[in-house]
Amino acid sequence: MIRFDSVGMRYGSGEEVLKDISFDIDPGSFQFLTGPSGAGKTSLLRLLFMSLKPSRGLIKVFGKDSATLTNEELPGIRRRIGIVFQDFRLLDHLTLYENVALPLRVRGYEERSYRRDVIDLLKWVGLNERIDAFPPILSGGEKQRAAVARALIDQPELLLADEPTGNLDPNLARRLLRLFIELNRSGTSVVIATHDLNLMDQYDARRLVLNDGRLQIYA
Amino acid sequence: MPDLETKPIKPVEKTPEDAEHKQHSIVPRSSVSGSTLTLVVAIMAFLASLTLGAVWTVNDTAQSWQNDVSREITVQVRPVDGVDLDTALISARQIVGSYPGVRSVNVVDNVAMAALLEPWLGGGLNLEELPVPRLVSVSINESNPPDMEAMAAQLKANVPGASLDNHRAWIERLTTMARTTILTGLLIFVLMMIATVLTVVFATRGAMAGSKHIIEVLHFVGAEQSYIATQFQKHFLFLGLRGALAGGFFAIVFFLFVGWWASGNPADPTSNQVEALFGTFGIGIGGYLSILLLIFIISVLTALTSRFTVLRHVGTLDRSSGDG
Ligand SMILES: Nc1ncnc2c1ncn2[C@@H]1O[C@H](COP(=O)(O)OP(=O)(O)O)[C@@H](O)[C@H]1O
Ligand SMILES: [Mg+2]
C-alpha cells in the first residue's frame, strides 16, 4: 500500500536527513521503525503522511504518486491514515472528547452519530474519566492515549505512531502495544516508530532500522 | 478496528454517554481579533449608509424638481411697440389652449406679477407703466405633452414678442448635476466596500497565522480546505453582522434625527430653507430598506472574503509546512 523508491530528503538546503530509502509497507503488516534519536524516524513518518515532500525519489501512497497529489486529493488519503505525533498535537481549546472526535467532526458527521464510539474508545484507552477535560491539565501519558484514540477513531487502514509509548510507564506501554497488535489483526497496517528496545522485544515484528539516514530492514 | 468491547483495558463503567457534549468552535473566537474588526466594519457600514442615504436624497430631490418643472411651461410675452400687450396675451392663450396635452392656461395677472417682482423692484408697482414682459403659465400633461416645437413656431409667427420656455436647459443642468453627485456617491460607496474587503483580508490572514497549529491538525485529521474555510467564515460572518448592524443602526438613527430636525421644526427658518431646497430630508422607506440590504451585504461580504482568503492561503500551510 506504500512504496518508497530511492527516497532522499533534506530540510531546506541542509544535509540529507534520509538517504536512498526504499521499502514497501504491505496491507495488514506490522513493523517497528527504529534507530537512535535524530536518525530520521519522525521525518520518515512525515514523508509517509505527506506532510513533507521528498527531495528526490518516488513515494507512492495507496497507489498514488505523492509528488502529483493535489491539495484536493490529500484529505481523502489522510482519512485512510491515522497518525499519532510525538508531540500529540491535541487542540488545547477542545475537550478530550472533542479532540478524539475531531476526525469524525471534520468529515461532517453528526455529533449524535459518533458519540457512543468516541466514548467507548476513550474508555478503552482508560480516559473515560477525563472526557470533558482540556489537554493542558492532562499528564503526558493521558495526552498520548488521547492522541492514539484520535488516530484510531475512524478505523484507518494504516496507523503511524511516533514514539507512542514515550510517556507511558512500562505497564501502560504494554497495554498500548496490545491495542496496536489487536488493531493489526483486524487488518490495519501498523508502523510504530520507537527507540524503546524493551517494547520491540515484546512483539516479534519486522524492523526498519534507520542509522545515519540509511535504512536496513530485518524481517 | 478490533472489537474493542471484548478486550477492555479497564472495566467498562457507566458514564452519562447519552448526554449532549458541548461542541466548542474549532477555531477559537479568541484567535480572531474581533473588536477592532467589528469597529472598522461598523464605521464602514455607517459611512456607506450615509453615502447611500445622500444618494437617495439627491435622487429624490432631483426627481421632484424635474417633475415640478416639467409639469409647467411658460410663455413670455414682451411688450412690443404698437402692439397691445393684453391682446397679445389673449391670442397667446388661445394658441396654447388649442393644443392637446395642455391642462390649463393661466395669464399671470398684474397683481401676481407685481408680487413676483416685489423683492427686486419694491412695492407699489404700476406694471402698466413699465416695459415688463408678461407671463402665461401653462400646465401640461407630462405623460402626454403637447407638441412644443409646433406651439413655439405658431406663437412666434402669430404673437409678436412671444416666446416659449419649456425649461429644458434648466432640467438638463439639474439632471447632470444630480447624476454627477450620485456617481460620486456610488464611487465613494464602492471604495468603502473595497476598504472593508481589504480589512477583512488582513484580519483573516492574521487569524490564520495565529491558528497555524490548529489548521495543521485539521489537515492531519483529513479536513478539507473548504471545511477549514467554513470554520473561519463562521466567525467573520458573526463579526461582519455585528459591525454592519451597529453601523447601519447609527445611520438609521442619524437619518431619523435629521428628518425630524428638518421637518418637525417648521418655525425654524433654517429648516424651512433646507426643506425648500431638499424637500423633506428623510430618505424614505426605500432608503431605510437599502440600509437594511447594506447590512446584509456587508456581513455576507465579510464572510465570503474571509472564506476566499482562507482558501487561497490554506494550501501553503499544509505540505510545505515544516520546511522541506
Ligand atoms: N523541521 C526541521 N528542520 C530542520 N531540521 C530538522 C527538522 N526536523 C528534524 N530535523 C533534523 O533531521 C534529523 C532527523 O530528525 P528526526 O526525523 O526528528 O529524527 P528522530 O525522529 O529519529 O529523532 C535531525 O538531525 C534533526 O535535527
Ligand atoms: Mg522523532
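Residues numbered from 1 in each chain as written. Chains lettered and ligands numbered in written order. Predicted model: local features only at pLDDT ≥ 70, side-chain atom pairs only at ≥ 80, totals over all residues. Heavy atoms only, no water.

**A closer look at the sheet that holds strand E1 (residues 72-77) of chain B**
Residues and elements named next belong to chain B.
Okay, step 1: Overall, antiparallel pairing links the four strands, which are arranged E2-E3-E1-E4 in an open sheet. The sheet is open, and its two borders are formed by strand E2 (102-107) and strand E4 (162-165), each paired with just one other strand. Averaged over all pairs of adjacent strands, the angle between their axes in this sheet comes to 20°, without regard to strand direction.
Okay, step 2: Here E2 pairs with strand E3 (residues 134-140) via five bridges, running antiparallel. Within E3, the position partnered with Asn106 by the bridge is Ser137. (Pairing = 2+ DSSP bridges. Helix = DSSP H or I, 4+ residues; strand = E, 2+ residues; numbered from the N terminus. Axes fitted to C-alpha atoms, helices over the stretch in contact; angles between N-to-C directions.)

**Thoughts on the packing of aromatic side chains**
Okay, step 1: Taken as a whole and assessed by the stated rule, the structure comprises nine aromatic pairs over all chains.
Okay, step 2: For the ring pair Phe46 of chain B and Phe254 of chain B, a centre distance of 6.4 Å and an interplane angle of 80° mean the geometry is edge-to-face. On the criterion of sequence distance, the pair formed by Phe46 of chain B in helix H1 (residues 34-70) and Phe254 of chain B in helix H7 (residues 225-263) is long-range, its members being 208 residues apart.
Okay, step 3: When its relative accessible area of 25% is taken as the criterion, Phe46 of chain B is described as partly exposed.
Okay, step 4: Three or more aromatic residues joined by ring pairs make a cluster, and in this case those are Phe30, Phe32 and Tyr203 of chain A.
Okay, step 5: The ring centre of Phe238 of chain B lies 4.9 Å from the NZ or CZ of Arg29 of chain B, which sits over that ring. (Phe/Tyr/Trp six-rings, centres within 6.5 Å; stacked < 30°, edge-to-face > 60°. Buried < 20%, exposed > 50% of the residue type's maximum accessible area, 1.4 Å probe, protein only. Lys NZ or Arg CZ within 6 Å of the ring centre and 35° of its normal.)

**A few points about empty space enclosed by the protein**
Residues and elements named next belong to chain A.
Okay, step 1: Counting across every chain of the model gives five cavities of 30 Å³ or more.
Okay, step 2: Roughly 130 Å³ of internal volume is contained in the largest cavity.
Okay, step 3: The wall of the largest cavity is formed by 14 residues, among which Ile81, Gly82, Pro103, Arg150 and Ala151 lie closest to the centre.
Okay, step 4: For the lining of the largest cavity, the secondary structure elements donating two or more residues are strand E6 (81-84) and helix H5 (140-152). (1 Å grid on protein atoms, 1.4 Å probe; cavity = no way out; pocket = protein on both sides within 12 Å on 5 of 7 lines; lining within 4 Å. Points joined across faces, edges and corners; volume = space filled by probe spheres on them.)

**Brief notes about the confidence of the model for chain B**
All names here are of chain B.
Okay, step 1: A residue-level look at chain B finds 85% of positions with pLDDT of 70 or above and a mean pLDDT of 81.
Okay, step 2: The element-level mean pLDDT for chain B is lowest in helix H8 (residues 269-278), coming to 55, with helix H6 (residues 212-220) highest at 92.
Okay, step 3: Complex prediction metrics read pTM 0.76 and ipTM 0.92. (pLDDT = per-residue confidence, 0-100.)

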